[in-house]
Amino acid sequence: MIDWMKPATVLVTCPPGIPPHLAREVEGLGLPVTRQMDLGVSSEGTLTDCMRLCLHVRTGHRVLYELAQFKATDGEWLYRNTRKVAWEDILPLDGYFSVSSSLNTSAVDNSMFASLKVKDGVVDRIRNELGSRPDCGKESKGAAVFLHWERDRATLYLDCAGEPLARRGYRVSPHTAPMQETLSAAVVMASGYASGTFVNPMCGSGTLAIEAALIALDRAPGTLRKNFAFQHLKGYDPQVWQELLEEETLAHRDHPGGRIIATDIDPKAIEAAIRNAELAGVAEFIEFGVCDFRETEIPEEPGVVLLNPEYGKRLGNLNELEDIYSGIGDFFKQSCKGYTGGVFTGNLDLAKRVGLRTKKRIPFFNAQIECRLLTYELYAGTRKGA
Ligand SMILES: C[S@@+](CC[C@H](N)C(=O)[O-])C[C@H]1O[C@@H](n2cnc3c(N)ncnc32)[C@H](O)[C@@H]1O
């Protein structure tokens, strides 16, 4: 059986722009960051560490535990080297597994072919050793094998999460242009928010406010998921998972330390956001309201006010958006003194309409669109009570 305490290279993947935030999370969990790449960070850890990463990491997508690395110049090499791995010690005969691949090689034409070669290598090895083989297919309901093939180097990993960690399971009601959960968590963290007051006008399906609540309450996003691929590996100990969950529960805060307010002009967005927050278990900590962003209540106790307006590339009419962005600048100046303001946008020309000096301009990607989180220090001035 595979040794769950054997250290190996662990790769945590994420979208572009997010590695610095992910690196801080991985280090915060007591694991070393040995390299920061464009699409993830590499670390060193055991399969048990991978369970912790799956439970706690907010900004990562996959947690990959390295099994083997070898030279492969064509599909046959890939198949033969895949067969050398002791899969009979890793995958239960009565289980199910899937294979996915990411390729940057001219050795083969497509990732489906590469995945098929790996699958053949796995099942042929197990059948040869044990006379029978586990079931496999495309669904992410069992164990997951991941191939990364870079030029003539192939690396086989166990994908410990299976379904990417971004799919927390709470967003059944996406409204227009929702931000991905991992990106939302990274943006909230980059705004400097850890707990206290968080105001999110234009909240759409509520992702930023929900992620802010999870952060402020110290609730690990993995608790929202029922199934992880590591639970389908040989030697998985449900007792260890239970202990990790109990340790996680002990760390919960019972209050976000301030008010979390989420509003949108569209009542349907708020309906969706409430449903999502209920599923995420944080609805009782978020005050929802239907209103124009300028009418959003701003609590006396300052914190972070973060907006993700439409930015023209996917939604919205540019002329109207110019007014919205200059309106955000006025709203910040008039109503949000003492706060850290944040605008997440993919349109820097529109962002200029905010008309305030930015404190930070933090790069991100939303799908393929290059975006920025622009932060503003909204000095207290004469704000009453500030
Ligand atoms: C890009 S979406 C926000 C998506 C959100 N971050 C999410 O993850 O679902 C922009 C939102 O702004 C809202 N909106 C547009 N104009 C508004 C206004 N004047 N006041 C308040 N909300 C507005 C839209 O209804 C939409 O839900």
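Residues numbered from 1 in each chain as written. Predicted model: local features only at pLDDT ≥ 70, side-chain atom pairs only at ≥ 80, totals over all residues.

J.: An account of the packing of helix α2 (residues 47-56) against helix α7 (residues 238-250) is needed here, citing residue identities and associated values.
T.: For any two helices packed against each other, the geometry comes down to the angle between their axes and how far apart the axes lie. Where α2 meets α7, the axes come as close as 11 Å, and the angle between the chain directions of the two elements is 40 degrees. On the basis of their axis angle, the class for α2 and α7 is oblique. α7 is crossed by α2, and the crossing has right-handed handedness. Counting all contacts with α2, which are made through Thr 48, Met 51, Arg 52 and Leu 55, the residues of α7 involved are Val 240, Trp 241, Leu 244 and Glu 248. A per-class count over the contact of α2 with α7 returns five nonpolar, one polar and two charged. (Axes fitted to C-alpha atoms, helices over the stretch in contact; angles between N-to-C directions. Helix = DSSP H or I, 4+ residues; strand = E, 2+ residues; numbered from the N terminus. Parallel < 35°, antiparallel > 145°, perpendicular 65-115°, else oblique. Left-handed = near helix turned anticlockwise from the far one by under 90°. Contact = placed C-beta atoms within 7 Å. Nonpolar A, V, L, I, M, F, W, Y, C, P; charged D, E, K, R; others polar.)

J.: Account for helix α8 (residues 267-279), naming residues and giving values.
T.: Two residues of an α-helix separated by three or four positions point the same way, owing to the 3.6 residues in each turn. The end-to-end C-alpha distance of α8 is 19 Å, a good match for the 18 Å that 13 residues give at a rise of 1.5 Å each. Buried residues along α8 sit against α6 (207-216), β10 (260-264) and β11 (286-290). In the segment just after α8, Gly 281 is the residue with positive phi, at about 75 degrees. (Expected span 1.5 Å × (residues − 1).)

J.: Account for the site of the ligand, naming residues and giving values.
T.: Taken together, 21 residues sit near the ligand, with Pro 178, Met 202, Gly 204, Thr 207 and Ile 265 positioned nearest. Residues that form the shell around the ligand fall into these classes: eleven nonpolar, six polar and four charged. (Near = placed C-beta within 6 Å.)

J.: Just give me the short version of the pairing of strand β13 (residues 340-345), but keep the residues and values in it.
T.: By the criterion of burial, β13 is predominantly enclosed, with five of the six residues buried. Sheet topology places strand β12 (residues 304-307) next to β13; four bridges connect them, and they run parallel. The residue bridging Leu 307 from the neighbouring strand is Val 343, located in β13. Where β13 lies against strand β15 (residues 369-377), six bridges are found, and the strand directions are antiparallel. In the strand pairing of β15, Thr 345 is matched with Arg 372. (Buried ≥ 20, exposed ≤ 12 C-beta atoms within 10 Å, placed from the backbone. Pairing = 2+ DSSP bridges.)

J.: Residues and numbers for unusual backbone geometry, please.
T.: Located in the positive-phi region is Met 202, a residue other than glycine, with phi close to 60 degrees. If you trace the backbone, Met 202 turns up in the loop between β9 (198-200) and α6. Although it is not a glycine, Asp 218 sits at a positive phi angle of roughly 55 degrees. Examined against the element boundaries, Asp 218 turns out to sit in the loop between α6 and α7.

J.: With reference to specific residues and values, describe the nonpolar core.
T.: Ranked by size, the top nonpolar core spans 110 residues in total, and within it Val 12, Cys 50, Cys 54, Cys 160, Ala 209 and Ala 213 carry the most contacts. The two domains that each donate at least three residues to this core are domain 1 (8-159) and domain 2 (181-218 + 253-377). When sequence neighbours within four positions are dropped, the list of residues in contact with Ala 213 reads Pro 256, Ile 260, Val 282, Phe 285 and Ile 286. (Core = buried A, V, L, I, M, F, W, Y, C linked by C-beta atoms within 7 Å. Domains from an automatic or database assignment.)

J.: Summarise the sheet that holds β10; cite the residues concerned and give the values.
T.: On the basis of which strands lie adjacent, the open sheet formed by seven strands has the order β11-β10-β9-β12-β13-β15-β14 and mixed pairing. Looking at which strands have only one partner, the edges of the open sheet turn out to be β11 and β14 (360-366). The sheet shows a mean angle of 15 degrees between the axes of neighbouring strands, taken without regard to direction. Of the strand pairs in this sheet, β14 and β15 are connected by seven bridges, and their pairing is antiparallel.

J.: If you had to explain the environment of Ile 328 to someone new, which residues and values would you point to?
T.: Structurally, Ile 328 can be placed in helix α9 (residues 318-335). For Ile 328 and Cys 54, which are 274 residues apart along the polypeptide, the C-alpha to C-alpha distance reads 37 Å. Those residues within four positions of Ile 328 in sequence are excluded, and the remaining contacts are Leu 307, Pro 309, Val 343 and Val 354.

J.: A description of the pairing of strand β7 (residues 143-150) should follow, citing residues and the corresponding values.
T.: The buried fraction of β7 amounts to seven of the eight residues, a majority that puts the element mostly inside the structure. Taken together, the eight bridges between strand β5 (residues 96-104) and β7 define a ladder with parallel strand orientation. Residue pairing across strands places Val 99 opposite Val 145, the latter belonging to β7. Judged from the six bridges that link them, β7 and strand β8 (residues 153-159) form a sheet pairing that is antiparallel. Among the inter-strand pairings, Glu 150 is bridged to a residue of β8, identified as Arg 153. The antiparallel hairpin formed by β7 and β8 contains two residues in its connecting segment, where Arg 151 sits at a positive phi of about 50 degrees.

J.: Quick rundown of the environment of Glu 377? Include the residues and the values.
T.: With respect to the helices and strands, the residue Glu 377 is situated in strand β15. On the basis of neighbour counts, which here come to 14 C-beta atoms within 10 Å, the residue Glu 377 falls in the partly exposed class. Sequence separation of Glu 377 and Lys 337 is 40 residues, and the distance between their C-alpha atoms is 8.6 Å. Once you skip the residues sitting within four places of it in the chain, Glu 377 turns out to touch Thr 340 and Lys 359.

J.: Account for the domain arrangement of the protein chain, naming residues and giving values.
T.: Looking at the assigned domains, one finds that the protein chain contains domain 1 (8-159) and domain 2 (181-218 + 253-377). On a C-alpha basis, the centroid separation for the pair domain 1 and domain 2 is 35 Å. Contacts between the two partners involve ten residues from domain 1 and, on the opposite side, nine residues from domain 2. The class makeup of the residues in the side of domain 1 that touches domain 2 is four nonpolar, five polar and one charged.

J.: So what's going on with the sheet that holds strand β2 (residues 35-37)? Which residues, and what values?
T.: As summarised here, the arrangement of the eight strands in space is β2-β3-β1-β4-β8-β7-β5-β6, forming an open sheet in which the pairing is mixed. Since the sheet does not close on itself, it has two edges, and those belong to β2 and β6 (135-136), each with one partner. Where β5 meets β6, two bridges bridge the pair, whose relative direction is parallel. The residue bridging Tyr 96 from the neighbouring strand is Asp 135, located in β6. Contacts from helix α1 (residues 19-28) reach β1 (8-13), β2 and β3 (40-45), with the element oriented near 20 degrees to β3. Of the strands in this sheet, β5, β6, β7 and β8 are in contact with helix α4 (residues 111-130), which crosses β5 at around 135 degrees.

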